[in-house]
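# Secondary and tertiary structure notes
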Amino acid sequence: MVGRIFIASDHGGFELKSVLVEWMKEFGFDVVDLGTDSLDSGDNPDYVRKLCKSILNDSSKGILSCGTGIGTAIAANRFRGVRAALCTNEFMARMSREHNDANVLCLGGRVQGDDLAIGILSTWLNTAFSKDERHIRRLGKINDSDT
Ligand code: RB5
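Residues numbered from 1 in each chain as written. Predicted model: local features only at pLDDT ≥ 70, side-chain atom pairs only at ≥ 80, totals over all residues. Heavy atoms only, no water.

The immediate surroundings of the ligand are formed by Asp 10, His 11, Gly 12, Asn 44, Cys 66, Gly 67, Thr 68, Gly 71 and Arg 110. Measuring from an oxygen atom of the ligand, one finds a backbone N or O atom of Thr 68 at 3.0 Å. Contact distances for the ligand include 3.3 Å between an oxygen atom and a side-chain N or O atom of Arg 110. The protein chains hide 67% of the 290 Å² of surface that the ligand would expose on its own. Here the residues of the shell around the ligand sort into one nonpolar, six polar and two charged. (Near = heavy atom within 4 Å. Polar contact = N/O pair within 3.5 Å; in protein donor to acceptor, adjacent residues only side chain to side chain. Areas by Shrake-Rupley, 256 points an atom, 1.4 Å probe, with all protein chains shown as cover. Nonpolar A, V, L, I, M, F, W, Y, C, P; charged D, E, K, R; others polar.)

What follows deals with the layout of surface pockets. Here the largest pocket defines a volume of roughly 390 Å³. Considering the residues around the largest pocket, the lining is formed by 17 residues, among which Asn 77, Phe 79, Arg 80, Val 82 and Ile 142 are closest to the centre. Considering each element in turn, the lining of the largest pocket owes the most residues, three residues, to helix H6 (residues 133–143). Of the residues in the lining of the largest pocket, the class split is seven nonpolar, six polar and four charged. (1 Å grid on protein atoms, 1.4 Å probe; cavity = no way out; pocket = protein on both sides within 12 Å on 5 of 7 lines; lining within 4 Å. Points joined across faces, edges and corners; volume = space filled by probe spheres on them. Helix = DSSP H or I, 4+ residues; strand = E, 2+ residues; numbered from the N terminus.)

Moving on: helix H2 (residues 44–58). In a regular helix each residue adds 1.5 Å, so 15 residues correspond to 21 Å; H2 covers 21 Å between its end C-alpha atoms and thus fits that length. Among the residues of H2, Asn 44, Tyr 47, Val 48, Leu 51, Cys 52, Ser 54 and Ile 55 are the ones counted as buried. Down the axis of H2, the buried set is contained in an arc of 165°. They therefore lie on one face. Against the buried residues of H2 lie strand E1 (5–9), strand E3 (61–66), helix H3 (70–76) and strand E5 (104–108). (Expected span 1.5 Å × (residues − 1). Buried < 20%, exposed > 50% of the residue type's maximum accessible area, 1.4 Å probe, protein only. Arc of directions from axis to C-beta. Contact = heavy atoms within 4.5 Å.)

A few words on the environment of Cys 106. Mapping Cys 106 onto the fold places it in strand E5. Along the chain, Cys 106 and Arg 134 lie 28 residues apart, while their C-alpha atoms are 24 Å from each other. Setting aside chain neighbours within four positions, we find Cys 106 in contact with Leu 64, Gly 69, Thr 72, Ala 73, Ala 84, Ala 85, Leu 86 and Cys 87.

Our next topic: the packing of aromatic side chains. One pass over the full model with this rule turns up two aromatic pairs. Each ring, one from Trp 23 and one from Phe 27, has its centre 4.9 Å from the other, and the planes form 35°; the classification is tilted. Classification of Trp 23 by relative accessible area gives buried; the value is 15%. Ring geometry for Trp 23 and Phe 29: centres 6.1 Å apart, planes at 25°, overall stacked. (Phe/Tyr/Trp six-rings, centres within 6.5 Å; stacked < 30°, edge-to-face > 60°.)

Here we take up the packing of helix H4 (residues 90–98) against helix H5 (residues 114–125). At a minimum axis separation of 8 Å, H4 and H5 run at an interaxial angle of 20°. The orientation of H4 with respect to H5, classified from their angle, is roughly parallel. Between H4 and H5 lies a crossing of right-handed hand. Facing H4, whose interface residues are Glu 90, Ala 93, Arg 94, Ser 96 and Arg 97, H5 presents Leu 116, Gly 119, Ile 120, Thr 123 and Trp 124. Class assignment of the residues belonging to the contact of H4 with H5 gives a composition of four nonpolar, three polar and three charged. (Axes fitted to C-alpha atoms, helices over the stretch in contact; angles between N-to-C directions. Parallel < 35°, antiparallel > 145°, perpendicular 65-115°, else oblique. Left-handed = near helix turned anticlockwise from the far one by under 90°.)

Put into structure tokens, the structure is as follows:
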């Protein structure tokens, strides 16, 4: 069961975000769009912060997009409890859920076409964490690895 989904982007991921919001609404997901709302240049850490705070408060999942997905992934992984995965194909999307229990998916609006992005999103939303002991152990070690 997928709960509420938060989504945010900067200008580089704005057009992709619009496509993904429309697709999720069509399939009945409870989507909360945190912006941006235009192609005007902005700073993706501002949107990442909003999204990470929201998913951590709500124990839900989030989608981020920027031009490449890289900036949002780097910024999101600074938030304790966020496991953000930049995925460029459906295999990565499946693995990021089964093995890494990713709670944020990052996509690049300038990286792949809309159809592949939707395939990645659909795979990610429909794949559960495996709960295998080795993966739980590894996630525990990440949680314990303060710098
Ligand atoms: C904005 O031009 C671009 O740098 C940003 O969207 C993102 O790709 C950064 O990682």
